[in-house]
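# Summary of structural features
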Amino acid sequence: MSHSTNTETFLKDNKKVDWHNETLWWVRSKRDVSSKQIPEWEQLRELASGIKDSVLSNLASYLEEFEKNAVANGINVHWAADAKEHNEIVTSILQKHNAQKLVKSKSILTEECHLNEHLEEHGFEVVDTDLGERIIQFVRQPPSHIVMPAIHLKKEDISEIFHEHLQTEKGNNDPQYLTEAARQHLRNKFIEADIALTGVNFGIAETGGFVVCTNEGNADMGVHLAPVHIACMGIEKLIPKLEHLGVYTRLLARSATGQPITNYTSHFHRPRSGQEMHIILVDNGRTEQLSREKFRNSLKCIRCGACMNTCPIYRRSGGYSYDATVPGPIGSILSPGVDLKKHQSLPFASTLCGSCSDVCPVKINIHEQLYEWRQVVADEKLDGAGKRVSMTLAAKVLSSPSLYNMMGKLARKSLALLPKSLINNPLNAWGKQRDLPDPPRDSFKEWYAKNRKS
Ligand code: SF4
């Protein structure tokens, strides 16, 4: 289904739409305040973007350097061409250790690979340990935002979910009480886990180590208790040197939530004594995106979510309307690269206001790429016959001043006579929530000619 069709479900609850919109705008405002505290903010963005340019231009050699150094540190390095291979590698590690229980911190990559479903089908227990992710795991929903996965749920919804799954008091919506219940529940899961899995925010080619950022310490809790650590990393997450890390950690948390830094910025370089450590480097369409000159920049993304928080469409349509693992403006660039036919409506889910590009900490030209995808969709004739015919007619009218004047006259006259139901009827999607103003008697040109002061 198209983005606009999916959005209809979200728009049914007006109050929730307003609340969602305001909550995300509040996060965006925190980002503004926090970024203004750093005078060199724009230089940092420039630098972050430039470093990623170097990574993308030399990806193969940085990946080889990373592998060499990681292996020398005692980390087992695996390569996965796609989601299937990634999931099979995780399964084989679990089987090798006769493991049954896995705790997992937030990893959008594993969502993209549908790892949870795969492992559950093979009889393993997977527990998401990020609070937001655990909430939506209870109700078997995917994340609706990459940083705040349960942002579409209110505390009343969470209270209901916890009452059903954690037997908390019915109707108790106190966030502290609910968080404490989740904490006690997860503590046991950490203790029982055979294997801990984490995502990776940054892999450092120079050292072969990697960095995981969380606000809840759940990645550390899992990894420090379990005898095996699996880290899953998209191949674009590399940075060349350790000295580059500070550029990104300063940008990431400020852009994501307005914090100066994530509460936990954990560095992993080698397994601790007696532990086994694996890292899986995953392609899953990334090299293909790299080969698209106009869209390769999208691989600079550090998944801060700022473009979602600022986007007027995302804020008012919710994450699920995108029907993709990564929603919002950046998702609308990445998803068409994976399946253009399925996601052809996403580049149109934008006002092209450019706010996403303005806040992006790595300076991805998001709105320009959305516009580029629109042209690809039109060239591939995926935008529907009705739209193509109306655009061809519009092009004819707009390119001929006499035709434009004639059509304007005709429209002003006929709209004054025709019944409103012609516009506002259930068959016309545009007219369902909009109304046309009464047509003016004159065009602007005519009005100007009459009223122009000599
Ligand atoms: S595209 Fe930029 S703003 Fe959006 S999530 Fe990625 S890094 Fe953040």
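Here, every reference points to the structure presented above.
The following refers to the structure shown. Computed from a predicted model, the values in this text were never measured in an experiment.

Reading guide: rules and limits
Residues numbered from 1 in each chain as written. Predicted model: local features only at pLDDT ≥ 70, side-chain atom pairs only at ≥ 80, totals over all residues. Heavy atoms only, no water. Helix = DSSP H or I, 4+ residues; strand = E, 2+ residues; numbered from the N terminus. Polar contact = N/O pair within 3.5 Å; in protein donor to acceptor, adjacent residues only side chain to side chain. Contact = heavy atoms within 4.5 Å. Pairing = 2+ DSSP bridges. Patch = residues over 30% accessible without salt bridge, like charges linked within 9 Å, V, L, I, M, F, W, Y side chains within 5 Å. Areas by Shrake-Rupley, 256 points an atom, 1.4 Å probe, with all protein chains shown as cover. Salt bridge = Lys/Arg side-chain N within 4 Å of Asp/Glu carboxyl O. Buried < 20%, exposed > 50% of the residue type's maximum accessible area, 1.4 Å probe, protein only. Expected span 1.5 Å × (residues − 1). Phe/Tyr/Trp six-rings, centres within 6.5 Å; stacked < 30°, edge-to-face > 60°. Lys NZ or Arg CZ within 6 Å of the ring centre and 35° of its normal. Core = buried A, V, L, I, M, F, W, Y, C linked by side-chain atoms within 4.5 Å. Arc of directions from axis to C-beta.

Note that Asp-130 resides in the loop between β3 (125–128) and α8 (131–138). Reaching out from Asp-130, the side chain makes a polar contact with the backbone nitrogen of Gly-132 at a distance of 3.1 Å. For Asp-130, the residues in contact, after removing those within four places along its chain, are Lys-104, Lys-106, Pro-149, Glu-216 and Asn-218.

Right, let's get into the sheet that holds strand β5 (residues 202–204). One open sheet accounts for 4 strands, arranged β8-β5-β6-β9; its pairing is mixed. The sheet is open, and its two edges are formed by β8 (238–239) and β9 (264–268), each paired on a single side. Sheet analysis places strand β6 (residues 209–214) next to β9, joined by 5 bridges and oriented antiparallel. Across the sheet, the residue bridging to Phe-210 is Phe-268, located in β9.

On to a nonpolar patch on the surface, then. Taken together, the side chains of Ile-191, Met-221 and Leu-225 define a hydrophobic patch exposed on the protein surface, amounting to about 280 Å² of accessible area. Leu-225 gets classed as partly exposed once you look at its relative accessible area, which sits at 47%.

Below, the discussion takes up helix α10 (residues 175–192). Taking 1.5 Å of rise per residue, 18 residues should cover 26 Å, and α10 covers 26 Å from first to last C-alpha, within 8% of that figure. Taken residue by residue, α10 has Leu-178, Ala-181, Ala-182, His-185, Leu-186, Lys-189 and Phe-190 as its buried positions. As for α10, its buried residues are in contact with β2 (101–104), β3, α8, α9 (155–166) and α11 (218–225).

Applying the stated rule across the entire model yields 7 aromatic pairs. Between the aromatic rings of Phe-202 and Tyr-248, the centroid separation amounts to 5.6 Å while the plane-to-plane angle is 40°, which identifies the pairing as tilted. Highlighted residues: Phe-202 in strand β5 and Tyr-248 in helix α12 (residues 245–256), separated in sequence by 46 residues. For the pair shown, Phe-202 and Tyr-248 are each scored as buried. Geometrically, the ring pair formed by Phe-444 and Trp-447 is stacked, given 6.0 Å between the ring centres and 20° between the ring planes. Highlighted residues: Phe-444 and Trp-447, both in helix α21 (residues 444–451), separated by 3 residues, approximately one helical turn. The class of Trp-447 is partly exposed, set by a relative accessible area of 45%. Put simply, the rings of Phe-444, Trp-447 and Tyr-448 touch in pairs and so form one group of aromatic residues. Above the face of the Tyr-248 ring, Lys-52 is positioned so that its terminal group lies 5.7 Å from the ring centre. The ring of Phe-348 has Lys-387 lying over it, and the distance from NZ or CZ to the ring centre is 3.8 Å.

Ranked by internal contacts, the top residues of the largest apolar core, which has 49 residues, are Phe-202, Tyr-248, Ile-330 and Ile-366. At 6 residues, the largest contribution of residues to this core is made by α12. Core analysis: the next-biggest nonpolar cluster, separate from the first, contains 32 residues, Val-103, Phe-190, Val-223 and Leu-290 among them.

Bringing helix α1 (residues 3–11) into the picture now. Looking only at α1, the buried set comprises His-3, Asn-6, Thr-7 and Phe-10. Angularly, the buried residues of α1 cover 105° about the axis, an arc narrow enough to put them on a single face. Opposite the buried face of α1, by more than 90 degrees, sit the exposed residues Ser-4 and Thr-9. Along its buried surface, α1 packs onto α2 (14–36) and α15 (312–317).

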